[in-house]
Amino acid sequence: MNASSNAIRYRTLAGTVLTQFALGSVYTWSLFNAQLSHKLGEPVSQVAFAFGLLSLALAVASSMAGKLQERFGVRKVAIASGLMLGLGFYLTSQANNLIMLYLCAGLLVGFADGAGYLMSLSNCVKWFPERKGLISACAIGAYGLGSLGFKFINLALLSHFSLEATFQLWGLIAMAMVVAGALLMTDAPKQPAAAQTGNSRDYSLAEAMRQPQYWMLALMFLTVCMSGLYVIGVAKDIGESFVHLSAATAANAVAVIAVANLSGRLVLGVLSDKMPRIRVITIAQIAALAGMLTLLFAPLNAGLFFAAIACIAFSFGGTITVYPSLVSDFFGLNNLTKNYGVIYLGFGIGSIVGSIVASLFGGFLATFHLILALLIVALLFSLTIRQPGAAQAKREDFDAEPQLGKA
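Predicted, not measured: the structure shown is a model, and the values here were computed from it.

Chemist: In this structure, what is going on with the overall build of the protein chain? I would like to understand it.
Modeler: Within the protein chain, the regular secondary structure consists of 17 helices and zero strands. Computed over C-alpha atoms, the radius of gyration of the protein chain comes to 22 Å, within 12% of the 22 Å expected from 2.2 N^0.38 for 407 residues, which places it in the range of a compact globule. Projected onto its principal axes, the C-alpha positions of the protein chain cover 85 × 55 × 30 Å. By the burial criterion, 51% of the 407 residues in the protein chain qualify as buried. Contacts spanning at least 24 positions in sequence make up 84% of the contacts within the protein chain whose residues lie at least 6 apart. Taken as a whole, the protein chain presents about 16800 Å² of accessible surface, with 68% of it coming from carbon and sulfur. Of note, the protein chain has its 24 positive side-chain charges centred 4 Å away from the centre of its 16 negative side-chain charges.

Chemist: Can you help me understand the packing of helix 11 (residues 253-271) against helix 13 (residues 302-331) in this one?
Modeler: Geometry of a packed helix pair, given as the angle between the helix axes and the separation of the axes. Where helix 11 meets helix 13, the axes come as close as 7 Å, and the angle between the chain directions of the two elements is 40°. Judged by the angle between their axes, helix 11 and helix 13 are oblique. For the element pair helix 11 and helix 13, the recorded crossing hand is right-handed. Residue-level contacts link Ala-253, Val-256, Ile-257, Ala-260, Asn-261, Ser-263, Gly-264, Arg-265, Val-267, Leu-268 and Gly-269 of helix 11 to Phe-305, Phe-306, Ile-309, Ala-310, Ala-313, Phe-314, Phe-316, Gly-317, Gly-318, Ile-320, Thr-321 and Val-322 of helix 13.

Chemist: Sorry, what's going on with the packing of aromatic side chains here?
Modeler: For any pair of aromatic rings, geometry is given as the distance between the ring centres together with the angle between the planes. Considering all chains together, one arrives at 26 aromatic pairs under this definition. Both rings, one in Tyr-117 and one in Tyr-143, keep their centres 4.6 Å apart while their planes meet at 45°; by these two values the pair is tilted. Residue Tyr-117 is located in helix 5 (residues 98-127), and its partner Tyr-143 is located in helix 6 (residues 132-160); the two are separated by 26 residues in the primary sequence. Across the pair, Tyr-143 and Tyr-117 agree in class, each one buried. On the numbers, 4.9 Å between centres and 45° between planes, the contact of Phe-221 with Tyr-323 is tilted. Taken together, the positions of Phe-221 in helix 9 (residues 212-241) and Tyr-323 in helix 13 put the pair 102 residues apart, joining distant regions of the chain.

Chemist: Any chance you could explain the packing of helix 9 against helix 16 (residues 364-384) here in plain terms?
Modeler: For the pair helix 9 and helix 16, interaxial distance at closest approach is 9 Å and the crossing angle is 150°. Regarding helix 9 and helix 16, the two cross each other, and that crossing is left-handed. Within the contact between the two elements, helix 9 uses Met-216, Leu-219, Met-220, Thr-223, Met-226, Ser-227, Tyr-230, Val-231, Val-234, Asp-237, Ile-238 and Ser-241 and helix 16 uses Phe-364, Thr-367, Phe-368, Leu-370, Ile-371, Leu-374, Leu-375, Val-377, Ala-378, Phe-381, Ser-382 and Thr-384. Counted by class, the contact of helix 9 with helix 16 contains 17 nonpolar, six polar and one charged residues.

Chemist: Would you take a moment to explain the nonpolar core for this structure?
Modeler: Most often, soluble globular proteins keep nonpolar side chains buried together rather than apart. The biggest cluster of nonpolar side chains holds 75 residues, and the ones touching the most others in it are Leu-101 and Tyr-323. Per element, the largest residue contribution to this core is twelve residues, and it comes from helix 5. In contact with Tyr-323, not counting residues within four places along its chain, are Leu-217, Met-220, Phe-221, Ile-281, Tyr-340 and Ile-343. Formed by 31 residues, the second largest nonpolar core is a distinct cluster that contains Met-226, Val-234, Leu-289 and Leu-374.

Chemist: What is the right way to read the side chain of Asn-33 from this model?
Modeler: When you line up the elements, Asn-33 lands in helix 2 (residues 33-40). The buried category is assigned to Asn-33, whose relative accessible area is 11%. A polar contact is formed between the side chain of Asn-33 and the side chain of Trp-29, at a distance of 3.2 Å.

Chemist: Quick question: what am I supposed to make of the pattern of salt bridges here?
Modeler: Opposite charge on two side chains makes pairing possible when the charged atoms of those side chains draw close. Counting across every chain of the model gives seven salt bridges. Among the salt bridges present, the one from Arg-131 reaches Glu-130, with a minimum N-O distance of 3.4 Å. The exposure class of Arg-131 is partly exposed, given its relative accessible area of 30%. Taken together, the shared-partner salt bridges connect Lys-132, Asp-273, Arg-277 and Asp-329 into one network.

Criteria and thresholds
- Every chain begins its residue count from 1, and numbering advances along the sequence as written.
- Where totals are concerned, whole chains, interfaces and linings use all residues; where local detail is concerned, this predicted model gives features only for residues with pLDDT of at least 70, and gives and counts side-chain atom pairs only at 80 or more.
- Where side-chain values are given, they derive from all heavy atoms of the structure, hydrogens and water being excluded.
- Labels follow the DSSP assignment, with helices taken as runs of H or I lasting at least four residues and strands as runs of E lasting at least two, numbered in each case from the N terminus.
- All radius of gyration figures rest on C-alpha atoms, and the globule criterion is 2.2 Å times the number of residues raised to 0.38.
- With a 1.4 Å probe rolled over the protein chains alone, any residue whose accessible area is under 20% of its type maximum counts as buried; one over 50% counts as exposed, and the rest are partly exposed.
- Only heavy atoms enter the contact rule, under which two residues are in contact if any of them lie within 4.5 Å.
- For the accessible areas, the method is Shrake-Rupley and the probe is 1.4 Å, while residue cover comes only from the protein chains on display.
- Only four residue types enter the tally: Lys and Arg on the positive side, Asp and Glu on the negative side; His and the chain ends are excluded.
- Charge positions come from single atoms, namely NZ of Lys, CZ of Arg, CG of Asp or CD of Glu.
- Only C-alpha atoms enter the line fits that serve as axes; for helices the fit covers just the stretch in contact. Angles between N-to-C directions range over 0 to 180 degrees.
- An angle below 35 degrees is read as roughly parallel, one above 145 as roughly antiparallel, one from 65 to 115 as roughly perpendicular, and any other as oblique.
- If you view the pair so one helix is near and one far, a crossing is left-handed when the near helix is turned anticlockwise from the far one by less than a right angle, and right-handed when it is turned clockwise.
- Stacked, edge-to-face and tilted labels apply to pairs of Phe, Tyr and Trp rings (six-membered ring for Trp) whose centres lie within 6.5 Å, assigned for plane angles under 30 degrees, over 60, and everything in between, in that order.
- When residues are sorted by character, Ala, Val, Leu, Ile, Met, Phe, Trp, Tyr, Cys and Pro go into the nonpolar class, Asp, Glu, Lys and Arg into the charged class, and all the rest, Gly among them, into the polar class.
- Residues belong to one nonpolar core when they are buried, are Ala, Val, Leu, Ile, Met, Phe, Trp, Tyr or Cys, and are joined through side-chain atoms within 4.5 Å.
- Two N or O atoms form a polar contact when they lie within 3.5 Å of each other; inside protein one atom must be a possible hydrogen donor and the other a possible acceptor, and for residues adjacent in sequence the pair counts only when both atoms belong to side chains.
- For salt bridges, the criterion is a side-chain nitrogen of Lys or Arg within 4 Å of an Asp or Glu carboxyl oxygen.

Below, the structure is given as structure tokens:
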């Protein structure tokens, strides 16, 4: 790669990290639930549902991002994402009922975030085929750090401005960062098969979806997302009702989850460049399984509780970091945004299925047992799955070898 191309790809990396940091700010949403509840005169549970819609819209938009990039290019789509994000937060500041909140904060902000998130991540990974795991860790780590950084930004804004002004300023800051990052990005060139690590051919989305491995990967991803998102969302409540911790002690779960989540992204992301990525996913699944077994069957105290949720958060953070590169190993780099986009719908589905099961069947335990069963199935899948065409290639290599007794 020449010096010019090298400069372009590192500029793209810098722009992607900046964009991901801003997009990750949506995970500070819980800071606003109480004040929105007071403003709208609605229960916190109904206000918080806006974030569930945001997660679902984010996943749907991510699945469409590949087609948008093909038509308009990564820079234009990312700029549009930033502008839409700013508009979404401005309209959220004007919301005076739940329906408007759901439409603006849920659907509009979620769609804007998803359109920029997966497309910019996949494009950046394509620029670094030799270091896919490390680049994913950098980009997705920035997305995770965005929630931490904007926690302090938004708390500072709330302490000096009204709720409405805080949403507007949040939107302006996030929009400026996304647009600035977009201006640094360039579409990655198509990768020849020889430059790719992993699969030697590119599958279109239609071709990939005809492979059983695609749906095995999708179920594995859905399972870890469901376990991570559900436990992260109710960790404080689990600590209070299951472990009988005080509210102040149970609230420490937020910090434990943040550290474990970021650790999973960095540790498993870097590790995925040093060993087969499917084995890294196996490690993540074992961690989640250990955490879920502890929550279900161990005599819980504060230490065991925090260790269990740390295992689950570590698994979740590592999985969403490694998965873009894993999907490219199986189905090629050039169609990664589209191929991973459909699998990424599991993020949105997982964000709501756990809550639905809990509400229908009486609380945490029902969801925990479902997650445990799915984790066992997912672990079996990760131990047995093979890349598409691997068996055929092995047979062809064997047939090409000189056979004994043949001159």
